[in-house]
Amino acid sequence: MFPQFGATAETLSKASTMVFRIGTDAHLYDDPEDVNIASLLDSKFDTEKCEALKRLLALIAQGFDVCDYFPQVVKNVASQSLEVKKLVYLYLLHYAEKRPNEALLSINYFQKDLGDTNPLVRAWALRAMAGIRLLAVAPLVLIAVGKCARDPSVYVRKCAANALPKLYDLHLEENTSAIEEIVGILLNDHSPGVVGAAAAAFASVCPNNLPLIGKHYRRLCETLPDVEEWGQIVLIGILLRYLIAKHGLVKDSIMFSSRFNKEEGVPNNDYGSEDTMGSGLYMSKLANLVTHSYIEGADEFLSRSSNKSVGPSGVDNTCFTDGKSNEDVKILLKCTSPLLWSQNSAVVLAAAVVHWIMSPREDVKSIVKPLLFVLRSSNASKYVVLCNIQVFAKAMPALFASYYEDFFICSSDSHPIKALKLEILSSVATDSSVSSIFQEIQDYVKDPDRRFAADTVAVIGLCGQRLPKVANTCLEMLLALIRQESVTTEFGAVDGEELVLVQAIMSIKRIIQQDPPSHEKVIIHLVRSLDSIKVPAARALIIWMMGEYNCIGQTISRILATVVKYLGWCFTSEAVETKLQILTATAKVLLCAKGEELLTYKRVLKYLLDLATCDSSYDVRDRARFVKTLLSCHLDQYSDETIKPYQENYDLLHKLAECIFVGRTRLPAPESINFRFYLPGSLSQIVLHAAPGYDPLPRPCTLLSEDSTTSSGSLNVESSSGYSSQDPSTSSKGNSGSDESETENHADKKSGPLIQISDVGKNEDPDEVDGLLSKRDFESWLDEETMNSSKKSQMRTSSARISLGDIGERVKAKTYPLLDPTNGNGLRATYSFLSDISSISPLLICVEVSFENCSQEPMENVNLVDEESQKGIGSVDQEAESSVASHNDVPTLVSMEEITSLEPGDIMKRTLQVRFHHHLLPLKLTLWCSGKKYPVKLRPDIGYFVKPLPMEVELFTQKESQLPGMFEYVRRCTFTDHIKELSADRSDNSSLTKDKFLVICKSLALKMLSNSNLFLVSVDMPVSANFDDASGLKLRFSAEIISNSMPCLTTITVEGKCSDPLNLSLKVNCEETVFGLNLLNRVVSFLVEPSPYHV
């Protein structure tokens, strides 16, 4: 209508597309061959080489073959540009198998890059070598991986762990032991990132080498909360399998109670006994089936249980351990408890599996709320979580019985999710909750999706089966539904309406089978509704019930003759399945009939057989011949050539007919014995068959003694471990002991000389201090040349170590405003961070809050609370102990002691213990005073998210050398606090003058310790002839991050003259990149600020 607007819209669309492409490489995909790529690859400019390589990768992404450029690309691997190297590596990984000869030419460059000072280059080179799947380079790759497993860079060691599965896929059977040895070295690493990758390598390379896990089991459990999320999933499975293979199952768990009789202690494999759903939970057949399937595998157990000649699985009562006294079981449960609240739903499910299998029965309930939280918060994983909850609810219905409302249907749920929720509702329903469930599902029956409505009707029947007390209520609901559906189908059925009617009658049938004599009226009601029900399947079910229960009560026997005549009258118009049931039901009635009605039934049966013999369906004709031959002895006047040979076998035919038609059907089993159960959280549990790679739990107590298996592979423990396998209580004792020794050291320093002239730079190996990252050393290290035989230069530095014995007494923490008197009606609140360690949990930070009444009236009930969490002291105590390493998004506040009265001019202080959400985000609190509340914000200080880590200078230097490259952050700033005191000293006419170096050292140390919770390791002063030059002055501080106990090292180097502003070089070494950078920025900010007090 308005073409000009259409053109404008098209133009705007193109313009917006162009805007979004600015600054990206999207133009490379438009026409990658629009330039001469070969000439760009031979260019001497790195930018042009990058352009050519990007165009090659764009062509590869579009499916073009560009392997002809392989020789030109290979020669660029020697480029000094990191971007060019990375692109060349990507190209080589893609075409290495097609051009193996040219790929072998680049191996020398890869080996050279393995000795680069940049850890990124070393990691890229290793990843490229491992990605070249050639047997010719496999030995070289194995050597490189073994060396990189001991690399000082965490990123390189992680790449080494990721390279092991690729190396193992080459089927190097002769090097299997060497690969497993490298896995053991990486499992002993101090970095959680490396441990997660090593766990994935273990699962791919040697999943059955569980003795390798035993050497590091406790440390792996303690490292588990800090491992990356996908590594946690793999590591949890490995630790669970080791625990079962080493110690067996837990006696008080569901696995034990469902397998063994509490009194006899023998396996309960009798599946023929009658058992009602929900009674005898741990002795139920379903729980027993679940347990056997976990241990033996579903296929093996079902085949064994079907073969009666095969004995039990061989797991006896000795393959169980006491979970309350076994330390390995306790530490795994403790370390996986925080992971139940992980943000990754797969981690939550993996942790829930551990508690489901290994926790005592009374503690299994701890998995309920985390699973329900994931169910409500993650739509993507809802189906998977429901599949696993379904297994839990079937084996232990009481677990989710009180949370039935969480399984109510949402309008946005898909049909598979609705079906799972309905099945779970039928499993967890109880006598007290079934009324609420029925009230909810009344609306489900009216849903336009009739397939979903039929599933809802099935739930009513299952509840009637499981709960005999509500069986009559279920029958009334189903009968009312049948009346409604029969009327609907009579006037034109909606698509799928027959499903609801058939399902309702089938549910009634299953309820009646539980106790047929008490439901005679229901059968009569269904039989009378035959005239109004037109659905063939529904009519067939009613006719089956009439024939099956024709001898129950007196009323049914009186109406049978009329019903049989009615069925004979409408036989020709019935469907095939209904005809088959009419013939079978009439035969049953004839065999049970007595007296005068016997003749009537014979006549009707003869009439039906005559009609069925001429029917168009061969199934009906075959059924008629079968019934006629089998009941020939009861049809006196019906003689034919086909039945004459059977006249002499009257007794035999009579017994055979009674066995087939009159034999009572067995009660339906509450759960199908052929249902397959697999480990929760596995793909096999979702698809209900053994997926590739599925492995059941190991046999309990089958792991050999670790002492006999240590000779199979000795581990090189060169890589140090930063995680202690001791208990937290032991660690706390060690800290207290170090505090005491630290106090004693301070006392000794006071009594000793102030300046100790010592040869700090004693004979040191340059390869151990500064040569760790040199290119020369890495090349020689890769070539396995021993450096011990070469003559090493001796390093000597002239410096003096200064002891600042009284610095701790002068540390004064900085005070921050919390509430201003103008906004708080005369109440002033300030806070400062304390260096004390919380007694409740190391994750809590101590804050001292000062309250001052600046008004003329007294104040009452002054308190500071966190209204969002509303957690008391008791709950926090319990939570802090059980989830020390958890990463909870909700901050915690230990409630302070309330100030009942604050007189005018009074100042009172309280100590809070808080846990911040993040080291950069404030904590929102509420300050109550005299019935009024004031919102305040408690802003964190990253300097107090660490705690002092006492160490010697030698250990400091060693740890600093292990954190180079990407874990080292440097900034420069200017320091001026010392100038004011030096000027005041010159203006004073006193004969005593202060030492300039001491003033600078104390100023720096006091500024650092007053704004952060650090440990002063050493103060080194250069010994030079110029007493006004402070260049070379160095202060070292050590600490560890509270949340993950990673070391954080800070070094300050001074440059400049003492009387002028000093140039400081600040260096922070920390594995946590974000934390280290933020801490460095914080240190720079407060060093630049002028101090409010004199030194």
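Residues numbered from 1 in each chain as written. Predicted model: local features only at pLDDT ≥ 70, side-chain atom pairs only at ≥ 80, totals over all residues. Heavy atoms only, no water.

With respect to the environment of Tyr 934
Here is step 1 of the chain: Along the polypeptide, Tyr 934 turns up in strand 13 (residues 932-938).
Here is step 2 of the chain: For Tyr 934, a relative accessible area of 10% corresponds to the buried category.
Here is step 3 of the chain: Taking the C-alpha atoms as reference, Tyr 934 lies 7.1 Å from Gly 824; in sequence the two are 110 residues apart.
Here is step 4 of the chain: Other than its neighbours up to four places away in sequence, Tyr 934 contacts Leu 819, Asn 823, Gly 824, Asn 825, Leu 925, Thr 926, Leu 927 and Cys 929. (Helix = DSSP H or I, 4+ residues; strand = E, 2+ residues; numbered from the N terminus. Buried < 20%, exposed > 50% of the residue type's maximum accessible area, 1.4 Å probe, protein only. Contact = heavy atoms within 4.5 Å.)

Remarks on the nonpolar core
Here is step 1 of the chain: Formed by 294 residues in total, the largest nonpolar core has its most connected members in Trp 356, Ile 357, Phe 400, Phe 851, Leu 927, Leu 1064 and Leu 1087.
Here is step 2 of the chain: The element contributing the most residues to this core is helix 20 (residues 345-358), with 11 residues.
Here is step 3 of the chain: The residues touching Leu 927, leaving out its near neighbours within four places in the chain, are Leu 819, Leu 827, Ala 829, Phe 851, Val 862, Asn 863, Leu 864, Lys 932, Lys 933, Tyr 934 and Val 936.
Here is step 4 of the chain: Counting residues in hydrophobic clusters, the runner-up holds seven residues, among them Met 951, Phe 956, Phe 1015 and Val 1017. (Core = buried A, V, L, I, M, F, W, Y, C linked by side-chain atoms within 4.5 Å.)

Structural notes on the pairing of strand 17 (residues 1034-1041)
Here is step 1 of the chain: Burial of strand 17 is extensive: seven of the eight residues sit out of reach of the surface.
Here is step 2 of the chain: With three bridges connecting them, strand 14 (residues 946-948) and strand 17 associate as antiparallel partners. Of the residues in strand 17, the one forming a bridge with Val 946 is Ile 1041.
Here is step 3 of the chain: Alignment of strand 16 (residues 1015-1022) against strand 17, held across five bridges, turns out to be antiparallel. Among the inter-strand pairings, Val 1019 is bridged to a residue of strand 17, identified as Leu 1035. (Pairing = 2+ DSSP bridges.)

Description of the pairing of strand 18 (residues 1047-1055)
Here is step 1 of the chain: Burial analysis of strand 18 places seven of its nine residues in the buried class, which makes it a mostly covered element.
Here is step 2 of the chain: As judged from the seven bridges shared by strand 17 and strand 18, these two strands associate in the antiparallel manner. Note on strand 18: the bridge partner recorded for Ser 1038 is Leu 1049.
Here is step 3 of the chain: Two elements, strand 18 and strand 19 (residues 1062-1070), share eight bridges in a ladder whose sense is antiparallel.

So, helix 27 (residues 497-514)
Here is step 1 of the chain: Look at helix 27: 27 Å from first C-alpha to last across 18 residues, which is about the 26 Å you get at 1.5 Å a residue.
Here is step 2 of the chain: Among all positions of helix 27, only Glu 497, Val 500, Leu 501, Val 502, Gln 503, Ala 504, Ile 505, Ser 507, Ile 508, Ile 511, Ile 512 and Gln 513 are buried. (Expected span 1.5 Å × (residues − 1).)

Describing the pattern of salt bridges
Here is step 1 of the chain: Summed over all chains, the structure comprises 27 salt bridges.
Here is step 2 of the chain: Put simply, Asp 189 and Arg 157 hold a salt bridge, and the shortest N to O gap is 2.5 Å. Note that Asp 189 is positioned in the loop between helix 11 (176-187) and helix 12 (192-205) and Arg 157 in helix 10 (residues 154-168), a separation of 32 residues in sequence. Of the two residues, Asp 189 and Arg 157, neither departs from the other in class, the shared state being buried.
Here is step 3 of the chain: The closest approach of N and O atoms between Lys 814 and Glu 1089, which form a salt bridge, is 3.4 Å. Of the two residues, Lys 814 is situated in the loop between strand 4 (799-802) and strand 5 (816-819) and Glu 1089 in the segment after helix 44 (1073-1088); the sequence distance between them amounts to 275 residues.
Here is step 4 of the chain: The exposure class assigned to Lys 814 is partly exposed, which follows from its relative accessible area of 30%.
Here is step 5 of the chain: For Glu 1089, a relative accessible area of 34% puts it in the partly exposed group.
Here is step 6 of the chain: The structure contains a network of salt bridges with shared partners spanning Lys 382, Asp 413 and Lys 421. (Salt bridge = Lys/Arg side-chain N within 4 Å of Asp/Glu carboxyl O.)

Quick word on the sheet that holds strand 8 (residues 859-865)
Here is step 1 of the chain: The strand order 10-8-12-13 describes an open sheet built from four strands, whose pairing is antiparallel. In the strand order of this sheet, the two ends are held by strand 10 (899-902) and strand 13, each with one partner. Looking at each pair of strands side by side, their axes are set apart by 30 degrees on average, direction ignored.
Here is step 2 of the chain: Pairing analysis gives three bridges linking strand 8 to strand 12 (residues 923-929), with the strands arranged antiparallel. When the bridges of strand 12 are listed, Leu 864 appears paired with Leu 927. (Axes fitted to C-alpha atoms, helices over the stretch in contact; angles between N-to-C directions.)

Overview of the packing of aromatic side chains
By convention here, two paired aromatic rings are described through the distance between centres and the angle between planes.
Here is step 1 of the chain: According to the stated counting rule, one finds 19 aromatic pairs in the structure shown.
Here is step 2 of the chain: Ring centres 5.7 Å apart and planes at 45 degrees place the aromatic pair Phe 916 and Phe 945 in the tilted group. Within this pair, whereas Phe 916 is found in the loop between strand 11 (907-915) and strand 12, its partner Phe 945 is found in the loop between strand 13 and strand 14, the two being separated by 29 residues in sequence. There is no split in this pair, since Phe 916 and Phe 945 are both buried.
Here is step 3 of the chain: Linked through ring pairs, Tyr 816, Tyr 831, Phe 833, Phe 916, Tyr 944 and Phe 945 together constitute an aromatic cluster.
Here is step 4 of the chain: Cation over ring: Lys 418 sits above Phe 452, and NZ or CZ is 4.8 Å from the ring centre.
Here is step 5 of the chain: Over the ring of Phe 571 we find Lys 579, and its NZ or CZ is 5.7 Å from the ring centre. (Phe/Tyr/Trp six-rings, centres within 6.5 Å; stacked < 30°, edge-to-face > 60°. Lys NZ or Arg CZ within 6 Å of the ring centre and 35° of its normal.)

Some remarks on the packing of helix 43 (residues 996-1011) against helix 44
Here is step 1 of the chain: Running from N to C, helix 43 and helix 44 cross one another at 125 degrees; their axes reach a closest spacing of 10 Å. With respect to each other, helix 43 and helix 44 are oriented oblique. Along this stretch, helix 43 crosses helix 44, giving a crossing that reads as right-handed. From helix 43, Leu 1004, Lys 1007, Met 1008 and Asn 1011 reach across to helix 44, where they touch Arg 1082, Val 1083, Phe 1086 and Leu 1087.
Here is step 2 of the chain: Tallied by class, residues from the contact of helix 43 with helix 44 come to five nonpolar, one polar and two charged. (Parallel < 35°, antiparallel > 145°, perpendicular 65-115°, else oblique. Left-handed = near helix turned anticlockwise from the far one by under 90°. Nonpolar A, V, L, I, M, F, W, Y, C, P; charged D, E, K, R; others polar.)

What about the environment of Ile 979?
Here is step 1 of the chain: Tracing the chain through its elements places Ile 979 in helix 42 (residues 977-987).
Here is step 2 of the chain: Discounting residues that sit within four places of it in the chain, Ile 979 has contacts with Ser 1059, Asp 1060 and Pro 1061.

Section: the side chain of Lys 382
Here is step 1 of the chain: Mapping Lys 382 onto the fold places it in helix 22 (residues 382-395).
Here is step 2 of the chain: Here Lys 382 falls in the buried class, since its relative accessible area comes to 9%.
Here is step 3 of the chain: With sequence-adjacent residues up to four places away left out, Lys 382 is seen in contact with Leu 375, Asp 413 and Ile 417.

Brief notes about the state of the cysteines
Here is step 1 of the chain: Per the counting criterion, the structure on display carries zero disulfides.
Here is step 2 of the chain: Looking at the unpaired Cys 1001, the closest cysteine sulfur is the one in Cys 1058, lying at 9.2 Å.
Here is step 3 of the chain: The class for Cys 1001 is buried, based on a relative accessible area of 0%. (Disulfide = S-S within 2.5 Å.)

Observations concerning the side chain of Arg 219
Here is step 1 of the chain: With respect to the secondary-structure elements, Arg 219 resides in helix 14 (residues 217-223).
Here is step 2 of the chain: Lacking a salt bridge, the buried Arg 219 has Asp 189 as its closest oppositely charged neighbour, with an N-O distance of 7.1 Å.
Here is step 3 of the chain: In this structure the side chain of Arg 219 is engaged in a polar contact, spanning 2.9 Å, whose partner is the backbone oxygen of Asp 189. (Lys, Arg positive; Asp, Glu negative; His and termini not counted. Polar contact = N/O pair within 3.5 Å; in protein donor to acceptor, adjacent residues only side chain to side chain.)

Things to note about the confidence of the model for the protein
Here is step 1 of the chain: Per-residue confidence for the protein averages 76 on the pLDDT scale, and 74% of its residues sit at or above 70.
Here is step 2 of the chain: Segment residues 669-674: pLDDT under 50, and 12 contacts once partners within four positions in sequence are set aside and those in other chains are kept.
Here is step 3 of the chain: Here residues 871-891 is modelled with pLDDT under 50, and outside its nearest four sequence neighbours on either side it reaches 44 contacts, counting other chains as well. (pLDDT = per-residue confidence, 0-100.)

Focus on unusual backbone geometry
Here is step 1 of the chain: A positive phi angle is found at Cys 701, which is not glycine, with a value near 55 degrees.
Here is step 2 of the chain: Among the structural elements, Cys 701 can be located in the loop between helix 35 (683-687) and helix 36 (706-709).
Here is step 3 of the chain: Residue Ser 930 is not a glycine yet carries a positive backbone phi of 55 degrees.
Here is step 4 of the chain: Its location among the elements puts Ser 930 in the loop between strand 12 and strand 13.
Here is step 5 of the chain: For Ser 930, a relative accessible area of 41% corresponds to the partly exposed category.

Overview of a nonpolar patch on the surface
Here is step 1 of the chain: On the surface, a nonpolar cluster with roughly 250 Å² of combined accessible area is contributed by Phe 626, Leu 656 and Ile 660.
Here is step 2 of the chain: Position of Leu 656 among the secondary structure elements: in helix 34 (residues 650-662).
Here is step 3 of the chain: Residue classification places Leu 656 among the partly exposed residues on the basis of a relative accessible area of 40%. (Patch = residues over 30% accessible without salt bridge, like charges linked within 9 Å, V, L, I, M, F, W, Y side chains within 5 Å. Areas by Shrake-Rupley, 256 points an atom, 1.4 Å probe, with all protein chains shown as cover.)

Re the environment of Pro 821
Here is step 1 of the chain: Structurally, Pro 821 can be placed in the loop between strand 5 and strand 6 (827-837).
Here is step 2 of the chain: Residue Pro 821 is classed as buried on the basis of its relative accessible area of 17%.
Here is step 3 of the chain: Separated by 33 residues in the primary sequence, Pro 821 and Cys 854 have C-alpha atoms spaced 6.9 Å apart.

Some thoughts on helix 10
Here is step 1 of the chain: Along its 15 residues, helix 10 runs 22 Å from first to last C-alpha, staying within 8% of the 21 Å computed at 1.5 Å per residue.
Here is step 2 of the chain: Taken together, the buried positions of helix 10 are Val 154, Val 156, Arg 157, Cys 159, Ala 160, Ala 161, Ala 163, Leu 164, Pro 165 and Leu 167.
Here is step 3 of the chain: For helix 10, the secondary structure elements touched by its buried residues are helix 8 (119-131), helix 9 (138-148), helix 11 and helix 12.
Here is step 4 of the chain: Where helix 10 begins, the side chain of Ser 153 points an oxygen toward the backbone nitrogen of Tyr 155, at a separation of 3.4 Å.

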